[in-house]
Amino acid sequence: MENNEFLYDLKTPETTWNGSGNSYFPNGEIASVAGRITDPEGPRCLYWCLDTIMYKNPPETDFNKTQMTHYHLRGYETFFVDSGSLYLYINGQRALAKKGDIIQLQPGQAHGMAFLEDVKWRGTYHDFETYPEAVDVGRVKAYMPELADDPALNGLMPRGFMDHIDMEPFLFQDVAPEQCQAIKNIARPHASYDFPGVSMKIVVERWENGGAKELACAVMEPGFTARWVKYPPLRELLYVRSGKVKFNILGKEFVADDECVVNVPRFAPHSIEALERSEVYDLGGQSWWSLFFQNYTSIRTYDPKRLTPETIQRLKDQFHIQIESIAIK
Ligand SMILES: [Fe+2]
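Residues numbered from 1 in each chain as written. Predicted model: local features only at pLDDT ≥ 70, side-chain atom pairs only at ≥ 80, totals over all residues.

For the rest of this paragraph, the subject is the overall build of the chain. Helix and strand content of the chain: five helices and 25 strands. Computed over C-alpha atoms, the radius of gyration of the chain comes to 21 Å, within 12% of the 20 Å expected from 2.2 N^0.38 for 329 residues, which places it in the range of a compact globule. Across the 329 residues in the chain, those meeting the buried criterion constitute 33%. (Helix = DSSP H or I, 4+ residues; strand = E, 2+ residues; numbered from the N terminus. Rg over C-alpha atoms; globule rule 2.2 N^0.38 Å. Buried ≥ 20, exposed ≤ 12 C-beta atoms within 10 Å, placed from the backbone.)

To continue, consider the environment of Phe-170. Relative to the helices and strands, Phe-170 resides in the loop between β12 (165–166) and β13 (173–174). Those residues in contact with Phe-170, other than ones at most four positions away along the chain, are Thr-66, Thr-69, Gly-92 and Ala-110. (Contact = placed C-beta atoms within 7 Å.)

Before going further, it helps to spend a moment on the sheet that holds strand β20 (residues 244–249). If you trace the five strands from one edge of the open sheet to the other, you get β21-β20-β23-β18-β25, paired in antiparallel fashion. The open sheet has two free edges, formed respectively by β21 (252–257) and β25 (323–328), since each of these has just one partner strand. For this sheet, the mean angle separating the axes of adjacent strands, direction not counted, is 15°. Here six bridges tie β20 to β21, and the two strands are oriented antiparallel to one another. Residue pairing in the sheet places Val-245 in a bridge with Ala-256 of β21. (Pairing = 2+ DSSP bridges. Axes fitted to C-alpha atoms, helices over the stretch in contact; angles between N-to-C directions.)

Another point: the domain arrangement of the chain. When the domains of the chain are assigned, the result is domain 1 (7–128 + 163–184) and domain 2 (191–328). In this structure, domain 1 and domain 2 have C-alpha centres spaced 26 Å apart. Contact residues are listed per partner, giving 22 residues for domain 1 and 20 residues for domain 2. At the level of elements, β1 (7–9), β3 (30–38), β6 (76–81), β9 (102–105) and β11 (119–126) are the ones that each hand at least two residues to the side of domain 1 that touches domain 2. Here the side of domain 1 that touches domain 2 is built from residues that sort into 10 nonpolar, six polar and six charged. (Domains from an automatic or database assignment. Nonpolar A, V, L, I, M, F, W, Y, C, P; charged D, E, K, R; others polar.)

It is worth spelling out the sheet that holds strand β15 (residues 191–195) at this point. The strand order β1-β22-β19-β24-β17-β16-β15 describes an open sheet built from seven strands, whose pairing is antiparallel. Two strands close off the open sheet at either side, each with one partner strand: β1 and β15. Pairwise comparison of adjacent strand axes, ignoring direction, gives a mean angle of 20° for this sheet. One ladder, built from three bridges, connects β1 with strand β22 (residues 260–264); its direction is antiparallel. Residue pairing in the sheet places Asp-9 in a bridge with Cys-260 of β22.

Burial analysis of strand β23 (residues 270–274) places four of its five residues in the buried class, which makes it a mostly covered element. Across three bridges, the pairing between strand β18 (residues 224–228) and β23 is antiparallel. For Ala-226, the partnering residue across the bridge sits in β23 and is Ile-272.

Moving on: unusual backbone geometry. Positive phi, close to 65°, is recorded for Tyr-47, a residue that is not glycine. Secondary-structure assignment places Tyr-47 in the loop between β3 and β4 (48–54). Phi angles above zero are rare outside glycine, and Met-68 is one such case at about 55°. Under the C-beta neighbour-count criterion, Met-68 is labelled partly exposed, with 19 such atoms within 10 Å.

Attention now goes to the environment of Trp-121. As for its position among the elements, Trp-121 is in strand β11. Judged by the 22 C-beta atoms lying within 10 Å of it, Trp-121 falls in the buried class. Linking Trp-121 and Ile-102, residues 19 residues apart in sequence, is a C-alpha distance of 9.6 Å. For Trp-121, the residues in contact, after removing those within four places along its chain, are Thr-52, Ile-53, Met-54, Phe-79 and Val-81.

A few words now on the nonpolar core. Ranked by internal contacts, the top residues of the largest apolar core, which has 68 residues, are Leu-88, Ile-103, Leu-238, Val-261 and Val-280. Counting residues per element, this core draws most heavily on strand β17 (residues 215–220), which supplies six residues. Counting the residues that make up this core, at least three belong to each of domain 1 (7–128 + 163–184) and domain 2 (191–328). Setting aside chain neighbours within four positions, we find Leu-88 in contact with Ala-95, Ala-97, Ile-103, His-111, Met-113, Cys-180, Ala-182 and Ile-183. (Core = buried A, V, L, I, M, F, W, Y, C linked by C-beta atoms within 7 Å.)

Okay, helix α4 (residues 289–302) next. In this model α4 runs 20 Å from its N-terminal to its C-terminal C-alpha over 14 residues, within 8% of the 20 Å that 1.5 Å per residue would give. The set of residues buried in α4 consists of Trp-289, Ser-290, Phe-292 and Phe-293. Buried residues of α4, seen end-on, are gathered within an arc of 160° and therefore sit on one face of the element. Residues of α4 that are exposed and angled more than 90 degrees away from the buried face: Ser-298 and Tyr-302. (Expected span 1.5 Å × (residues − 1). Arc of directions from axis to C-beta.)

Moving on, we come to the environment of Leu-237. Within the fold, Leu-237 resides in strand β19 (residues 236–242). With 199 residues separating them along the chain, Leu-237 and Thr-38 place their C-alpha atoms 9.3 Å apart. Ignoring anything within four residues of it in the chain, the contact list for Leu-237 reads Thr-38, Tyr-47, Cys-49, Val-261, Asn-263, Leu-283 and Gly-284.

Next up, the structure:
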């Protein structure tokens with residue numbers, strides 16, 4: 001396929017990943033391979049996306065003891081579980097997470113994971129103190145693999161990529177995934193707002209992300225179309241987790257299907273059309289969808305006369321909603 005700077009197809013990591021790094025199990029086997037998709041931007045390190053394969057834990061793993069136990073001082077993590085299953089250990093609980101779930105982790109939460117199968121683990125991160133040295137060291141290794149084990153080179157990245165502090169395994173109780181606050185799923189959103197051709201699910205609220213962003217998912221029916229304002233001021237990072245969506249960005253038309261991340265730069269005129277039933281997540285999370293819909297439905301319920309185009313425009317401006325119009329083809 002022709003090179004497309006807006007599209008990252010996670011089904012073809014060999015052409016999509018822009019560098020990668022490994023982690024290891026205590027026995028020395030490779031535990032994970034993380035591929036770089038998009039880099040952090042701005043003071044809260046938004047729009048950072050990594051695509052990781054987490055490998056099944058080795059047979060000697062004691063799943064009754066928390067694995068990979070750690071916490072973060074400031075960083076938040078959101079993981080899409082896109083294959084397999086794992087135990088999530090968090091806040092004194094253990095719960096099983098499976099393909100389709102989303103795991104939301106906040107700073108100060110002791111957490112760990114143990115993988116029952118290989119898991120496609122797509123993450124977005126924010127508020128992490130980042131270490132650009134890791135990218136620079138990785139570049140040296142990519143060009144000169146013979147230096148990969150050079151202690152002098154590895155010594156230049158003493159803390160690795162992120163704010164990650166190991167801790168002792170903690171005690172836990174088993175709970176169902178629905179009882180575990182960190183395991184999200186669009187089948188049980190915080191709220192769902194239904195319109196012809198589209199349903200907006202609020203999956204992670206802004207207050208669960210230190211105010212930095214939220215996670216909403218648009219479930220679109222075939223033929224649903226949306227057009228953005230002409231020069232949208234906010235960059236968007238969209239994840240087509242399932243389905244098939246035709247994008248037009250800056251006049252360039254292409255189809256993104258399941259497991260595709262689409263990067264929409266700010267000011268870029270764009271529109272979409274769902275070709276199949278599709279789930280599209282707003283990874284950038286800069287539109288205040290949750291409060292926008294709370295206000296919208298409140299006015300529609302209590303004072304419908306006020307729900308004029310002017311009122312809707314005022315709400316869109318207040319909550320940074322960049323959609324100009326929606327329709328069904
Ligand atoms: Fe973590």
